[in-house]
Amino acid sequence: MGVHKSETLPDVTYWLGLEIAKVDPVVDLDVMYKGSLELDFLYQLLTSKAQQHWWRVYGIQLSPVIINNAFFRAISMLHNRNIEFTRSRNSKETVWVKELLKR
């Protein structure tokens, strides 16, 4: 069981990341990252949904530690990706590539 738990964390993180990305209206990750009522609500909703999903599909009872770590890793991962995306859109390299593509 110990080996299985270590494999589960990345899977739950990825699954939660996809669920967070599907939330409508779109989650403001800057606000979420700092903590908010929305973050608390999303945490309650999605961690419960993940528990149910893992139990129904895999017959696995996720530990609160796994669920907690996975949720905050997913938020952090999406937030960092957002920052990188924003940086890349405003970089000189992007302008160079856009100019190249216009030709």
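Up top you'll find the structure we're talking about.
Definitions and cut-offs
Residues numbered from 1 in each chain as written. Predicted model: local features only at pLDDT ≥ 70, side-chain atom pairs only at ≥ 80, totals over all residues. Heavy atoms only, no water. Salt bridge = Lys/Arg side-chain N within 4 Å of Asp/Glu carboxyl O. Helix = DSSP H or I, 4+ residues; strand = E, 2+ residues; numbered from the N terminus. Buried < 20%, exposed > 50% of the residue type's maximum accessible area, 1.4 Å probe, protein only. Patch = residues over 30% accessible without salt bridge, like charges linked within 9 Å, V, L, I, M, F, W, Y side chains within 5 Å. Areas by Shrake-Rupley, 256 points an atom, 1.4 Å probe, with all protein chains shown as cover. Lys, Arg positive; Asp, Glu negative; His and termini not counted. Charge placed at Lys NZ, Arg CZ, Asp CG, Glu CD. Core = buried A, V, L, I, M, F, W, Y, C linked by side-chain atoms within 4.5 Å.

Engineer: Describe the pattern of salt bridges, listing the residues and the values that go with them.
Structural biologist: Within the structure shown, the criterion is met by 2 salt bridges. For Lys-22, the salt bridge is made with Glu-19, and the minimal N-O distance between the two is 3.0 Å. Of this pair, Lys-22 and Glu-19 both sit in helix 1 (residues 2-22), 3 residues apart, which is roughly one turn of the helix. The exposed category is assigned to Lys-22, whose relative accessible area is 58%. By relative accessible area, Glu-19 is classed as buried at 9%. With a closest N to O distance of 2.7 Å, Lys-49 and Glu-19 form a salt bridge. Taken together, the positions of Lys-49 in helix 3 (residues 37-58) and Glu-19 in helix 1 put the pair 30 residues apart, joining distant regions of the chain. When salt bridges that share partners are traced, they join Glu-19, Lys-22 and Lys-49 into one network.

Engineer: Kindly report on a negative patch on the surface, identifying the contributing residues and their values.
Structural biologist: Side chains of Asp-28, Asp-30, Glu-38 and Asp-40 sit close together on the surface and give a patch of like negative charge. The class of Asp-28 is partly exposed, set by a relative accessible area of 43%.

Engineer: Describe in detail the nonpolar core, supporting the description with residues and values.
Structural biologist: With 21 residues, the main nonpolar core has Val-12, Leu-16, Ile-20, Leu-62 and Phe-71 as its most contacted residues. Those elements giving two or more residues to this core turn out to be helix 1, helix 3 and helix 4 (64-89).

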